[in-house]
Amino acid sequence: MNEVYEFLNKCETYYLATMDGNEPKVRPFGTVALYKGKLYIQTGKSKSVSKQMMSNPRVEICAFDGDTWLRLAATAVNDDDIKAKEFMFEKYPMLKSMYKADDGNTQVLYLTDAVAVFNSFSKPPKTIKF
Ligand SMILES: Cc1cc2nc3c(=O)[nH]c(=O)nc-3n(C[C@H](O)[C@H](O)[C@H](O)COP(=O)(O)O)c2cc1C
């Protein structure tokens, strides 16, 4: 999981795919935090992306660092622990201008049942499960 976290940090931007009914939706994301041994992302409950994850929690993330790409399939689990939200804001202080941990909108989700595959043109694939 650490390797996945470090890779997403290095890429800074990753692409998060959700399902909107039968339609895939993908958008850029950047938040990622390791908190209490879990990999978290952050969003706002008012966003379509949040509603899609609550309706169908299976997601896929793709990121590319110029050499290696990561495909991470997982289940996104909502966590209303205010400490997890505060931890995210400590890592991304700029979020504090848009969100507050207790605003009823901030959402953090951890990824579970995850299969991460690192690929490049020069190396064999590497799979990590968490
Ligand atoms: C580089 C970059 C990083 C972003 N990171 C996040 C993020 O971590 N969380 C988030 O909720 N939105 C983030 N956004 C904004 C979302 O991409 C945007 O709100 C998107 O419209 C959400 O998807 P939706 O319209 O399907 O709800 C980011 C945007 C950019 C350009």
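Residues numbered from 1 in each chain as written. Predicted model: local features only at pLDDT ≥ 70, side-chain atom pairs only at ≥ 80, totals over all residues.

Draft legend 1. Highlighting the overall build of the protein chain. From N to C terminus, the protein chain includes three helices and eight strands. Along the protein chain, helices and strands appear, N-terminal first, in the series α-β-β-β-β-α-β-β-α-β-β. For the protein chain, whose C-alpha radius of gyration is 14 Å, the value lies close to the compact-globule estimate of 14 Å for 130 residues. The buried share of the protein chain, taken over its 130 residues, is 26%. For the protein chain, the proportion of contacts with a sequence separation of at least 24, taken over those separated by at least 6, is 59%. (Helix = DSSP H or I, 4+ residues; strand = E, 2+ residues; numbered from the N terminus. Rg over C-alpha atoms; globule rule 2.2 N^0.38 Å. Buried ≥ 20, exposed ≤ 12 C-beta atoms within 10 Å, placed from the backbone. Contact = placed C-beta atoms within 7 Å.)

Draft legend 2. Inspection of the site of the ligand at higher detail. Around the ligand there are 13 residues in total, and G30, T31, T43, S48 and V49 lie nearest to it. The dominant element in the shell around the ligand, judged by the number of residues it contributes, is strand 2 (residues 23-29), at four residues. Residues that form the shell around the ligand fall into these classes: three nonpolar, seven polar and three charged. (Near = placed C-beta within 6 Å. Nonpolar A, V, L, I, M, F, W, Y, C, P; charged D, E, K, R; others polar.)

Draft legend 3. Looking closely at helix 1 (residues 2-11). Within helix 1 the residues assigned to the buried category are V4, F7, L8 and C11. Relative to the axis of helix 1, the buried residues are bounded by an arc of 95° and lie together on one face. Opposite the buried face of helix 1, at more than 90 degrees from it, the exposed residues are N2, E6 and K10. In the core, the buried residues of helix 1 are packed alongside strand 1 (14-20), strand 4 (38-44), strand 5 (58-64), strand 6 (68-79), strand 7 (106-120) and strand 8 (126-129). Among the residues trailing helix 1, E12 stands out with phi positive, at a value near 70°. (Arc of directions from axis to C-beta.)

Draft legend 4. A look at the nonpolar core. In terms of nonpolar packing, the biggest core is built from 27 residues, with V4, L8, Y40, A63, L70 and L109 touching the most fellow members. Mapped onto this core, the elements with two or more residues apiece are helix 1, strand 1, strand 4, helix 2 (48-55), strand 5, strand 6 and strand 7. (Core = buried A, V, L, I, M, F, W, Y, C linked by C-beta atoms within 7 Å.)

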